[in-house]
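Residues per chain are reported as follows:
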Amino acid sequence: MEEHPTWPQEMAEYYRKKGVWRGETFNDMLRERAMMFAEKIAVKCGTQSISYRQLDTKAKKLASGFHTEGLQKGDRVIVQLPNSIDFFIVIFALFRIGAWPIFALPSHRRSELVYLCQHAEAKAYITANGQNGFDYPNLAKEVQAQASSLQHIWVAGIVEAFPSLDEMEKNAENQNWPDIQASDIAFLQLSGGSTGLPKMIPRTHDDYLYSIRKSNDICKLREYSVYLASLPIAHNYPLSSPGVLGTMYAGGRVVLAQGSSPDEAFTLIEQEQVTIAALVPPLALVWLEAAPARNDDLASLEILQVGGAKFSAEAARRVRPVLGCQLQQVFGMAEGLVNYTRLDDPEETIVHTQGRPMSPYDEVRVVDEDGTIMKRGEVGELQTRGPYTIRGYYRASEHNHRTFTDDGFYCTGDIVRLAKDGSIIVEGRAKDQINRGGEKIAAEEIENHLLAHPAVHDAAVIAIPDEFLGERSCAVIVPKKGALANTREIKSFLQARSMASYKIPDRFEYKESFPQTGVGKTNKQALRAQLANQYT
Ligand code: OOB
């Protein structure tokens with residue numbers, strides 16, 4: 001089985017010749033940073049911190065332990081850790097031996113994790129000790145029972161049931177590390193998804209490090225930069241746009257927060273002299289709301305990034321007057337392409353657009369439903385390819401045929417328009433997904449869960465507009481004849497199937513039948529219109 005399509009050889013050679021791909025790996029990155037920045041703090045988390053040199057040493061020791069336990073190059077390892085120093089030690093240890101982290105989110109639960117383990121045949125699962133209010137070791141036991149490929153479960157911290165990462169550390173002297181090439185896969189990132197469960201995105205050292213270097217140029221990350229990570233760092237946006245990895249690449253300092261409440265974030269900005277922070281739109285609204293009533297000194301904050309979902313122009317305009325920093329809009333995707341407004345763009349561009357591609361090697365085109373390329377300014381679907389956009393998902397050949405064109409463009413499912421200067425304005429979405437304040441929900445995934453309920457004949461999950469989150473999810477259900485469908489009961493049925501809680505529909509509606517398209521499929525557009533009429 002072809003595990004995943006990759007760039008054609010001539011494109012790979014071209015990117016190398018142009019110096020876009022430099023042959024640099026994450027192992028090179030950490031080794032060099034440990035030499036250059038040595039005792040400088042790389043990551044701070046609460047009262048704990050770790051220097052570049054300590055991180056390099058710890059990661060190597062843990063890598064030795066993994067190696068001794070039989071983890072090998074190319075093995076898949078689910079990593080589900082909160083924002084913590086352990087996250088970095090673990091991923092750099094896995095990079096060292098060439099095993100591939102799969103970046104699960106802390107909010108993922110049994111259904112997502114079992115699927116990831118099974119589909120990727122993961123050999124190990126690394127999780128948290130449950131001190132953050134959720135019992136991760138217990139979740140690990142549930143996953144273990146259903147995932148036969150899992151040979152190891154390791155926990156960051158001490159618990160009875162599983163060995164801890166600390167116990168795994170071994171002397172790393174004279175280790176025979178496997179040979180890791182920059183063209184190798186470094187990890188599997190997860191897609192927001194529009195069909196079924198999340199797809200896995202194979203990112204190479206070459207392509208990801210390129211995206212990090214370009215992001216750093218655009219965001220002007222330097223040794224003195226201090227990045228506040230309030231979003232879960234396993235996600236592509238806080239991980240690499242420029243995120244925590246960009247900050248480390250620049251030799252800056254990462255400050256980890258456990259959440260994004262103004263209480264925690266504003267205090268950290270003042271204490272740690274944070275220079276750049278990244279948010280999704282609903283959290284930016286909370287910050288804008290909270291700041292005027294507080295006395296924190298936010299003067300160190302130079303850039304506030306907002307992305308992951310559309311940020312309204314009205315809110316965007318308030319960022320500088322209220323928070324006193326430059327707004328940067330970020331429109332990206334775990335599949336690759338990231339667009340930024342530039343720090344010196346005119347105010348109107350920063351407020352009204354979602355930025356433009358970060359690389360001159362990014363190719364973007366806007367097409368109509370037949371795939372015909374449209375004129376600049378016309379609205380259509382965004383397609384893209386380039387040096388850090390994947391050519392196909394991992395183990396998803398059927399889906400790849402639908403999502404990638406024959407000439408290698410990724411069909412983003414985003415409906416956009418290009419401004420005169422090439423900036424992208426996101427107008428909507430063609431993919432069957434709900435963007436709940438930056439958290440993506442694949443409608444089909446939730447519909448499949450609902451269809452498993454004995455009283456449900458048919459189900460459609462759609463987005464409904466929401467002032468705060470942008471969108472919320474609504475499950476529309478056609479009950480089986482004579483069956484009694486009860487919202488409370490269906491909700492607890494979904495909860496019992498154990499999935500990330502943001503995926504549980506915010507609203508439930510019941511209908512006798514669905515409007516249909518010409519070929520007899522559920523017409524979600526008509527369904528959305530019906531519901532909108534019902535509530536206005
Ligand atoms: C980021 O990545 P994903 O993979 O969770 O989601 C990608 C999708 C995009 O295709 C688009 O539908 C939506 O999220 N999106 C935006 C947006 N940023 C992302 N829609 C409107 N405006 C924006 N600014 O969300 C992501 C990855 C890297 C950097 C930033 C965001």
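Quantities reported herein were computed from a predicted structural model and do not represent experimental measurements. Residue numbers run consecutively from 1 along every chain, following the written order of its sequence. Predicted model: local features are reported for residues with pLDDT of at least 70 only, side-chain atom pairs are reported and counted for 80 or more only, and whole-chain, interface and lining totals are derived from all residues.

### Here we look at the UniProt feature "domain: AMP-binding enzyme C-terminal" (unreviewed entry) in the protein
Step number 1: UniProt positions are given in the numbering used here, feature names are shortened, and annotations may be inferred rather than shown by experiment. Using the residue numbers shown here, the UniProt feature "domain: AMP-binding enzyme C-terminal" (unreviewed entry) corresponds to residues 445-521.
Step number 2: Each helix is a run of DSSP H or I of at least 4 residues and each strand a run of E of at least 2, with the numbering of both proceeding from the N terminus. Along residues 445-521 the backbone is 22% helical and 32% strand, and the end-to-end C-alpha distance reaches 17 Å.

### Notes on the UniProt feature "domain: AMP-dependent synthetase/ligase" (unreviewed entry) in the protein
Step number 1: When the UniProt feature table is mapped onto this chain, "domain: AMP-dependent synthetase/ligase" (unreviewed entry) is found at residues 31-394.
Step number 2: The annotated region residues 31-394 carries 35% helix and 23% strand content, and the separation between its end C-alpha atoms amounts to 29 Å.

### Some details on the sheet that holds strand 22 (residues 456-466)
Step number 1: With mixed pairing, the 3 strands of this open sheet are ordered in space as 22-23-24. Single-partner strands in this sheet number two, and they are strand 22 and strand 24 (507-510). Taking the axes of each pair of neighbouring strands and ignoring which way they run, one obtains an average angle of 25° across the sheet.
Step number 2: Relative to strand 24, strand 23 (residues 470-479) is paired through 4 bridges, and the arrangement is parallel. Of the residues in strand 24, the one forming a bridge with cysteine 474 is arginine 507.
Step number 3: Contact between two residues is assigned whenever their backbone-derived C-beta positions fall within 7 Å. Lines fitted to C-alpha atoms define the axes here, with helix axes fitted over just the stretch in contact, and angles between the N-to-C directions of these axes take values from 0 to 180 degrees. Packing against the sheet, helix 16 (residues 443-451) makes contact with strand 22 and strand 23, and its axis sits at approximately 145° to strand 22. Two strands qualify as a pair provided that DSSP identifies no fewer than 2 bridges between them.

### A few points about the packing of helix 12 (residues 281-290) against helix 13 (residues 313-323)
Step number 1: At a minimum axis separation of 10 Å, helix 12 and helix 13 run at an interaxial angle of 40°. Between helix 12 and helix 13, the crossing angle belongs to the class labelled oblique. Relative to helix 13, the crossing made by helix 12 is left-handed. Here Ala284, Leu285, Trp287 and Leu288 of helix 12 lie close against helix 13, whose contacting residues are Ala315, Arg318, Val322 and Leu323.
Step number 2: Three categories are distinguished: nonpolar for Ala, Val, Leu, Ile, Met, Phe, Trp, Tyr, Cys and Pro, charged for Asp, Glu, Lys and Arg, and polar for the others, with Gly belonging to the last. Its residues assigned to classes, the contact of helix 12 with helix 13 shows 7 nonpolar, no polar and 1 charged. Each angle receives one of four descriptions, namely roughly parallel if under 35 degrees, roughly antiparallel if over 145, roughly perpendicular if within 65 to 115, and oblique otherwise. Take the far helix as your reference; a near helix turned counterclockwise from it by less than a right angle gives a left-handed crossing, and one turned clockwise gives a right-handed crossing.

### A short note on the sheet that holds strand 15 (residues 356-357)
Step number 1: The strand order across the open sheet formed by 9 strands is 2-1-10-9-11-12-13-14-15, and the pairing between neighbours is mixed. Strands with a single pairing partner mark the edges of an open sheet, and in this sheet they are strand 2 (48-51) and strand 15.
Step number 2: Note: strand 9 (residues 226-229) against strand 10 (residues 253-256), 4 bridges, orientation parallel. If you follow leucine 228 over to strand 10, its bridge partner there is valine 255.

### A closer look at the packing of helix 3 (residues 52-68) against helix 4 (residues 85-97)
Step number 1: Helix 4 packs onto helix 3 with a crossing angle of 60° between their chain directions and a minimal axis gap of 8 Å. Put simply, helix 3 runs oblique to helix 4. Of the two possible hands of crossing, helix 3 and helix 4 adopt the one that is right-handed. Contacts between helix 3 and helix 4 involve Leu55, Lys58, Ala59, Lys60, Leu62, Ala63, Phe66 and His67 from the former and Phe88, Ile89, Val90, Phe92, Ala93, Leu94, Arg96 and Ile97 from the latter.
Step number 2: For the contact of helix 3 with helix 4, the per-class residue count stands at 12 nonpolar, 1 polar and 3 charged.

### Points about the pairing of strand 12 (residues 303-307)
Step number 1: Burial is judged by counting other C-beta atoms within 10 Å of a residue's own C-beta: 20 or more means buried, 12 or fewer means exposed, and anything between counts as partly exposed, with every C-beta placed from the backbone. Among the 5 residues of strand 12, 4 are classified as buried, and the element is accordingly described as predominantly covered.
Step number 2: Across 4 bridges, strand 11 (residues 276-279) lies against strand 12 in parallel orientation. The residue bridging alanine 277 from the neighbouring strand is leucine 304, located in strand 12.
Step number 3: In this view, the connection linking strand 11 to its parallel neighbour strand 12 by way of helix 12 has right-handed handedness.
Step number 4: For the crossover that starts at strand 12, traverses helix 13 and ends in the parallel strand 13 (residues 326-333), the hand is right-handed. When the strands point away from the viewer, a crossover counts as right-handed if the route from the first strand across the helix to the second turns clockwise.

### Quick look at the environment of glycine 324
Step number 1: You can see glycine 324 is positioned in the loop between helix 13 and strand 13.
Step number 2: Taking the C-alpha atoms as reference points, glycine 324 and leucine 304, separated by 20 residues in sequence, lie 9.6 Å from one another.
Step number 3: Excluding anything up to four places from it in sequence, glycine 324 contacts Leu298 and Ala299.

### Re the environment of glutamate 121
Step number 1: In this fold, glutamate 121 is placed in the loop between helix 5 (110-120) and strand 5 (124-128).
Step number 2: Classification of glutamate 121 by C-beta neighbours within 10 Å gives partly exposed; the count is 13.
Step number 3: Considering only alpha carbons, one finds glutamate 121 and proline 515, 394 residues apart in sequence, at a separation of 40 Å.
Step number 4: The residues contacting glutamate 121, other than those within four sequence positions of it, are Arg76 and Ser149.

### Focus on helix 6 (residues 136-146)
Step number 1: Residues of helix 6 that are buried: Tyr136, Leu139, Ala140 and Val143. The buried residues of helix 6 occupy an angular sector of 105° when the element is viewed end-on, so they sit on one face. Turned more than 90 degrees off the buried face of helix 6, the exposed positions are Asn138 and Ala145.
Step number 2: Looking at the packing, one finds that the buried side of helix 6 touches helix 5, strand 5 and strand 6 (152-156). Our arc is simply the arc of the directions from the helix axis toward the C-beta atoms.

### Some remarks on the site of the ligand
Step number 1: Using a C-beta atom placed from the backbone for every residue, we mark a residue as near a molecule or strand if that atom lies within 6 Å of it. Around the ligand lies a shell of 23 residues, among which Tyr237, Phe331, Gly332, Met333 and Ala334 are the nearest.
Step number 2: When residues of the shell around the ligand are traced back to their parent elements, those giving at least two are helix 9 (236-240), strand 13, strand 18 (410-418) and strand 19 (424-429).
Step number 3: The element best represented in the shell around the ligand is strand 13, accounting for 5 residues.
Step number 4: A breakdown of the residues in the shell around the ligand according to their chemical character gives 8 nonpolar, 11 polar and 4 charged.

### As for the pairing of strand 5
Step number 1: Most of strand 5 sits inside the fold, with 5 of its 5 residues counted as buried.
Step number 2: As paired elements, strand 3 (residues 76-80) and strand 5 share 4 bridges and run parallel to each other. Residue pairing across strands places valine 77 opposite alanine 124, the latter belonging to strand 5.
Step number 3: Sheet topology places strand 5 next to strand 6; 5 bridges connect them, and they run parallel. By the bridge assignment for strand 6, threonine 127 is matched with valine 155.
Step number 4: As for the winding sense of the linkage, the β-α-β connection from strand 5 through helix 6 to strand 6 is right-handed.

### Re the domain arrangement of the protein
Step number 1: Taken domain by domain, the protein comprises domain 1 (52-180), domain 2 (214-429) and domain 3 (433-533).
Step number 2: At the junction of the two partners, domain 2 supplies 8 residues and domain 3 supplies 7 residues.
Step number 3: Tallying contributions element by element places helix 12 first for the side of domain 2 that touches domain 3, with 3 residues.
Step number 4: For the side of domain 2 that touches domain 3, the residue count by class is 5 nonpolar, 1 polar and 2 charged. Domain delimitation in this document rests on an assignment produced automatically or drawn from a domain database.

### A word on the nonpolar core
Step number 1: In this usage, the nonpolar core is the set of buried Ala, Val, Leu, Ile, Met, Phe, Trp, Tyr and Cys residues whose C-beta atoms join them within 7 Å. Val77, Ile78, Val90 and Ile102 are the most contacted members of the largest nonpolar core, which totals 139 residues.
Step number 2: Considering each element in turn, this core owes the most residues, 11 residues, to helix 4.
Step number 3: Both domains that furnish three or more residues to this core are identified here as domain 1 (52-180) and domain 2 (214-429).
Step number 4: Within the second largest apolar cluster, 15 residues are counted, among which are Ile446, Val456, Ala459 and Ala463.

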